[in-house]
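# Tertiary structure, described
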Amino acid sequence: MVQIRLPHIQRLRDRRGVVRHYYRRPGLPRVTLPGAPGSAEFMEAYQAAAEAARQPQTVRFQPGSIGALIGAWYASPAWAQLQPQTQRVYRLLLDKFRETYGAGTVANLKPAHLVKILDKYADRPSQAARLLKLLRAVYRFALARGLAASDPTVGIRLAPRKSAGFRPWTDADIEAFEAHWPTGSRERLALYLLLFTGQRRSDVVRMGRQHVRGGVITVVQQKTGAQLEIPIHPTLAAELELQPKTQLTFLMTAQGRPFSGPGFSNWFAECAARAGLPAHSSPHGLRKAASRWLAEAGATAFEIAAITGHASLKEVERYTKSASQKRLAATAMARIGNKS
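How each quantity is defined
Residues numbered from 1 in each chain as written. Predicted model: local features only at pLDDT ≥ 70, side-chain atom pairs only at ≥ 80, totals over all residues. Heavy atoms only, no water. Helix = DSSP H or I, 4+ residues; strand = E, 2+ residues; numbered from the N terminus. Contact = heavy atoms within 4.5 Å. Areas by Shrake-Rupley, 256 points an atom, 1.4 Å probe, with all protein chains shown as cover. Lys, Arg positive; Asp, Glu negative; His and termini not counted. Charge placed at Lys NZ, Arg CZ, Asp CG, Glu CD. Pairing = 2+ DSSP bridges. Axes fitted to C-alpha atoms, helices over the stretch in contact; angles between N-to-C directions. Buried < 20%, exposed > 50% of the residue type's maximum accessible area, 1.4 Å probe, protein only.

What follows deals with the overall build of the protein. A count of helical and extended segments in the protein gives 14 helices and 6 strands. Across its three principal directions, the C-alpha atoms of the protein cover 75 × 65 × 35 Å. Excluding contacts between residues fewer than 6 apart, the proportion of contacts in the protein whose partners are at least 24 apart in sequence is 59%. A total of about 19,900 Å² of accessible surface is found on the protein, and carbon and sulfur atoms cover 56% of it. Separation of charge centres in the protein, based on 49 positive and 23 negative side chains, amounts to 8 Å.

Across a sheet, paired strands are connected by hydrogen bonds in the backbone, their directions being either parallel or antiparallel. Here 3 strands make up an open sheet; going across it, the order is 1-2-3 and the pairing antiparallel. In the strand order of this sheet, the two ends are held by strand 1 (9-13) and strand 3 (31-33), each with one partner. Pairwise comparison of adjacent strand axes, ignoring direction, gives a mean angle of 40° for this sheet. Where strand 1 meets strand 2 (residues 19-23), 5 bridges bridge the pair, whose relative direction is antiparallel. In the sheet register, Arg 11 faces strand 2, and the bridge partner there is His 21.

Our focus in this paragraph is unusual backbone geometry. For residues other than glycine, phi is negative in most cases, and the peptide bonds are mostly trans. At His 8, a position not held by glycine, the phi torsion is positive, near 65°. Within the secondary structure, His 8 is located in the segment before strand 1. With a relative accessible area of 34%, His 8 lands in the partly exposed category. At His 280, a residue that is not glycine, the phi angle is positive and equals roughly 70°. Residue position: His 280 is located in the loop between helix 11 (261-274) and helix 12 (283-296). The exposure class of His 280 is exposed, given its relative accessible area of 68%.

If you walk across this open sheet you meet the 3 strands as 4-5-6, and the pairing is antiparallel. The sheet is open, and its two borders are formed by strand 4 (212-213) and strand 6 (227-231), each paired with just one other strand. As paired elements, strand 5 (residues 216-220) and strand 6 share 5 bridges and run antiparallel to each other. By the bridge assignment, Ile 217 is partnered in strand 6 with Ile 230.

Laid out in structure tokens, this is it:
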């Protein structure tokens, strides 16, 4: 087999032992390359990074500027330890902030200035909260290295966000989807992979036969790096038996390629809409439904987290609390008996 060596590829192993690849040109920021080398996702990111590197570098931030500080954080070990997907999300927000305010000096950014900046995100409270969180991390980095004398994020509190997040799927939603998409279809397989593993879209799209052994599917979560071994539910096992044995990745596009995360979400949302489900019936809503099912079956928060891989039990405990309330209410009402 002929091997093609791409220039400017940096290969590093993080503290969890996971090998990561970067596009690295001297004097330019390091760019994370997602996916396996040679994959469509990897090559698309490589070509974009190479093209960006060929463009004239017109923006040069002066030492002591906010832009230079953010660039230094991008080159830090703390940044390198973040998952590639997390880096992409963070850069989208920080790069826009740096483009607007990067020429300002680190010392001149005061809490009052930052509050005014965050006020501009009043209609986007999630972005405001994330930007504040990122700037706190940047200034912690700066303080530890003597790059700043104070932290302008100290004391800033945003108004609580009133958001339920992704809409969880109901049992009626799941039944409607099953009624529309028959067993053996790609759509039904996607439903069961999400529902009976409780994983995020980024992990479901990478699942394949190489991850299955002895009735267990092994998942290394892309977001957290956590390794999970999940028993395969009989319903999912029956669906997997109907899939082509020569296809390593379970879910493929119509062109026979693995899905990207966003591509899978768009496709699956369309499948849900064609089944008559409400808007915003996302893959993540099935992760919530899986947690609910486990809670209603009597699973503890720790047992649910062993399936879903949640690092914090706070969200998982909401499901167990709700399920416990439902069972206790039914028991309590039954104690009244027939009073008619």
